[in-house]
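Each chain is listed here by its residues.
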Amino acid sequence: IIELLHDQDNVGLRNTAVEILIRLGEQAVPLLLTELATPDSDVRKFVLDVLGEIRPCNDVTAILPLLLDADRNVCAAAAETLGKIGAAAAVPALLEAMDRADLLLKHSILDALGNIGGSLPTAKLFRYQGDPLLRGALFNCIGRARLTEGIPLLVAGLNDAMGMVRESALLALAALSESAPRAVATELAGADAAAPVLAAFLLAEREDLARAALRLVPQVRDARCAEALLSCLEREELCAPALEVLVAWGRPAVLPLLEQWPQAADPVRCHLAYLAGVTGCEEAEGLLLSGLEAADVGLRLASARALGALGKLAALPALVELLRQGKVEHFPMIQDTLLALVPRFPEQIFAELAPLVENSRPEIRIVAISVLARSGCKKIEHSLTLAFKDEAAAVRCAAVRAFADCPVEGRYDALPLALTDEDAEVRRVAAEGLGLLQDDRAVNALTSALYDEDLWVRAAVIQSLERIGTPRCVALIKEALGDPVGLVCMTGLRALSTLDPATAFPLLVAALYHADEEVVNTALELLAATERRDWLEATADALLDHAHWEVRANTARAIATLGVVALAPALEERLLAEGEDLVRRQLEAALRILRGQGS
């Protein structure tokens, strides 16, 4: 195959030979190194290229002489290969070659040194900073090699006369800001001339340059950068990080940007509204009120949300109007904003939202109920009772949740009544709500629901009984362990283990023989958590022979976790018969643990 590299007439064949040699990997390296002595310079270069892709970890002394090869392309290939290999031992030879090399090779060597990284002799490297044709390559090398000593050079390079050098300095600084953020921040903070350069890069068409500038501008906090960040908000790929920087800078940076509002496009105004809200710019109230009148729905939403964040009651009419006319996808934001205003203006919000409980759209009724529930107004009970009889099950669910959240006496009547609702989801939410009351009066209602036709309702009942936690609740949960559905039984086992571990223990052991393997696995998990071992020796044989593979694996895991060395023979016996790969691995792992404890 190596001989095919010498074929000058068939380029395709030669390229195929290169691909094959790369795939052969390290086994091809000895012959490839021998071939470096061939008089054919093209073949020497091909061999170096292959070695660079294989990246052998052995001695690279055979490659070093080619840094002085008569063919400049071979020299460059040798440097590139040493860089790809990461040959730290080649650094002295590479630096020595820099003194005699032409421009092409010097670039290749600096590229290789950047790939090698580590403890490079910076004094020798930095002497090339005065060469305008090498400065860019030197900066790239500093960035890739993470040479923190070069940070001052890079910061100064931001103002280089050559554009490509400035770009290299920027990208290298951005890379170093990941590994040495404090050093970069300190140097940038003391460089007044860096801010306008970074601001210009924020406007660069190349995304990598703009992103690199975005990484660095937080260190300069300059108004010119803030204005440039505003332009970044118009670019989808830069918008999020630019917003993050402005939010971090806070009100002093955002306030001057609000002057751009009159001439800004609606999408930028949306971002300005958001920034005003999150940074507490009270001065933006007038602009935000004007945004409520905008034709663009997004701007109206953003302005209303910002006014809500600033605690301005002026947002309320607009929010209600947006709720009446808006799209369902906007409702979560509208609801969150209304909830933010509730603590300050409960009476006003109640007055605006109470009529919406009878709106024709169920989605609007749900938002109204959810917000009213947090208002704390005494008149809320009437609105919730009205919603409790709503034709839409989703609205009734919202009303049930609201009753559970509101400290009104009527909830002790309303929630038990909801357990008889025709919709299973309403009944489930009611069962959850009764548990949140933490009151023994809820237990009577939950007792009848323990036999609901819907398994999710029954599971919710058990969880609520667990929350209440009285002796009567323990007795009811114990009764629920006879449920024909495994999920309900599992919920009961977990609840009982939390409330009364002593009562739960024998029931967990009995559950090891349940017909549903998920129940068995739950019982295994809960028993292992007790750290008791006495149950294992009596049940291990049956569990290790269980029909379901997961039970067998979990049994082996439990034996190992609890360190029952006496059961090692049982594991060995099961291993001889086990056909499932996963179980075999678990058995072997358990045996290794037990043997280590036994020794």
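Here the structure is a predicted model, which means the values were calculated and not measured. (Residues numbered from 1 in each chain as written. Predicted model: local features only at pLDDT ≥ 70, side-chain atom pairs only at ≥ 80, totals over all residues. Heavy atoms only, no water.)

**Here we look at the overall build of the protein**
Our working definition: Put simply, DSSP H or I for four residues or longer makes a helix, DSSP E for two residues or longer makes a strand, and each gets a number counted from the N terminus. Only the C-alpha atoms count toward the radius of gyration. The rule for a globule is 2.2 Å times the residue count to the power 0.38. Pairs of residues are marked as contacts when any of their non-hydrogen atoms sit within 4.5 Å. With residues, only the protein chains shown are counted as cover, and all accessible areas are computed by Shrake-Rupley using a 1.4 Å probe. Working convention for charge: Lys and Arg count positive, Asp and Glu count negative, and His plus the chain ends are omitted. Here the site of a charge means NZ on Lys, CZ on Arg, CG on Asp, or CD on Glu.
If you tally the helices and strands in the protein, you get 37 helices and 0 strands. For 599 residues, the compact-globule formula gives about 25 Å, and the C-alpha radius of gyration of the protein, at 36 Å, lies well above that figure. Counting only C-alpha atoms and orienting by the principal axes, one finds that the protein spans roughly 95 × 80 × 45 Å. The long-range share in the protein, meaning contacts at least 24 apart out of those at least 6 apart in sequence, stands at 62%. By element, 52% of the accessible surface of the protein is carried by carbon and sulfur atoms, the whole surface being about 27,800 Å². Positive and negative side-chain charges in the protein, numbering 56 and 84 respectively, have mean positions lying 3 Å apart.

**Topic: the side chain of R300**
Using the following cut-off: For each residue, the accessible area found with a 1.4 Å probe, counting protein chains only, is set against the maximum for its type, and the residue is called buried under 20%, exposed over 50%, and partly exposed in between. Salt-bridge detection follows one rule: a side-chain nitrogen of Lys or Arg within 4 Å of a carboxyl oxygen of Asp or Glu. N or O atoms closer than or at 3.5 Å make up a polar contact, with two conditions inside protein: a donor-capable atom paired with an acceptor-capable one, and, for residues adjacent in sequence, both atoms drawn from side chains.
Structurally, R300 is set in helix α19 (residues 297-309). Summary of buried charges: R300 has no salt-bridge partner, and the nearest side chain of opposite charge, E321, is 7.4 Å away. Among the polar contacts made by the side chain of R300, one reaches the main-chain carbonyl oxygen of A294 at a distance of 3.1 Å. Setting aside its immediate chain neighbours within four residues, R300 contacts G291, L292, A294, A295 and L322.

**Describing the pattern of salt bridges**
By the definition in use, this model includes 31 salt bridges. The shortest N-O distance in the salt bridge between R135 and D160 comes to 2.7 Å. You can see R135 sitting in helix α8 (residues 135-144) and its partner D160 sitting in the loop between α9 (151-157) and α10 (163-179), a full 25 residues away along the chain. For the pair formed by R135 and D160, the shared burial category is buried. Salt-bridge contacts for R365 lead to D390; the nearest nitrogen and oxygen are separated by 2.7 Å.

**Focus: unusual backbone geometry**
Within the chain, R146 stands out as a residue other than glycine whose phi angle is a positive 55°. Topologically, R146 is positioned in the loop between α8 and α9. Of the residues examined, R146 reaches a relative accessible area of 36% and is grouped as partly exposed. One non-glycine residue, E531, adopts positive backbone phi at about 65°. Judged by its relative accessible area of 65%, E531 falls in the exposed class.

**Considering helix α13 (residues 207-216)**
Of all the positions in α13, only L209, A210, A212, A213, L214 and L216 are classed as buried. The secondary structure elements touched by the buried residues of α13 are α10, α11 (181-189), α12 (194-202), α14 (223-232) and α15 (236-249).

**What about the packing of α19 against helix α20 (residues 315-325)?**
To keep things clear, this is the line we draw: The axes used here are C-alpha line fits, helices contributing only the stretch in contact, and every angle between their N-to-C directions lies in the interval 0 to 180 degrees. By definition in this entry, angles of less than 35 degrees are roughly parallel, angles greater than 145 are roughly antiparallel, angles of 65 to 115 are roughly perpendicular, and the rest are oblique. By the definition used in this description, the sense in which the near helix is turned from the far one sets the handedness, with an anticlockwise turn below a right angle giving left-handed and a clockwise turn giving right-handed. Gly falls in the polar group here, along with every residue not listed as nonpolar (Ala, Val, Leu, Ile, Met, Phe, Trp, Tyr, Cys, Pro) or charged (Asp, Glu, Lys, Arg).
Relative orientation of the contacting elements α19 and α20 amounts to 140°, with a least axis distance of 9 Å. As judged from the angle between their axes, α19 and α20 are oblique. Crossing geometry of α19 relative to α20 is assigned as left-handed. Residues V297, R300, L301, A304, L307 and G308 of α19 form the contact with α20, whose participating residues are A315, L319 and L322. Each residue belonging to the contact of α19 with α20 can be placed in one class, and the counts come to 7 nonpolar, 1 polar and 1 charged.

**A few points about helix α21 (residues 331-341)**
Just so we agree on the cut-off: Think of the arc as the fan of directions from the helix axis to the C-beta atoms.
Those residues of α21 not exposed but buried are F331, M333, I334, T337, L338 and L341. Down the axis, α21 shows its buried residues gathered within 160° of arc, on one side only. At its buried positions, α21 is contacted by α19, α20, α22 (346-353) and α23 (362-372).

**A closer look at the nonpolar core**
To keep things clear, this is the line we draw: What is meant by a nonpolar core is a set of buried Ala, Val, Leu, Ile, Met, Phe, Trp, Tyr and Cys residues, joined one to another through side-chain atoms within 4.5 Å.
Within the largest apolar cluster, 234 residues are counted, with the highest numbers of intra-cluster contacts made by L94, L125 and W535. Looking at this core element by element, the count peaks at 8 residues for helix α25 (residues 393-405). Residues within four places of L125 in sequence aside, it is in contact with L95, L110, L113, L120, L138, C141 and L147.

**Describing the environment of L465**
Inspection of the secondary structure assignment puts L465 in helix α29 (residues 455-468). For L465, a relative accessible area of 0% puts it in the buried group. L465 sits 317 residues away from T148 along the chain, and the two C-alpha atoms are 61 Å apart. Residues contacting L465, with those up to four places away along its chain left out, are V443, L446, L450, C473, L476, I477 and L499.

**Some details on the environment of R374**
Mapped onto the elements of the fold, R374 is located in the loop between α23 and α24 (380-388). Along the primary structure R374 and D440 are separated by 66 residues, whereas in three dimensions their C-alpha atoms are 24 Å apart.

**As for the packing of α8 against α10**
Between α8 and α10, the least distance of the axes is 8 Å, while the angle of their chain directions is 5°. Regarding the angle of α8 to α10, the classification is roughly parallel. Across from R135, G136, F139, N140, I142 and G143 in α8, the residues of α10 making contact are V165, S168, A169, A172, A175 and L176. Looking at the contact of α8 with α10 residue by residue, the class counts come to 7 nonpolar, 4 polar and 1 charged.

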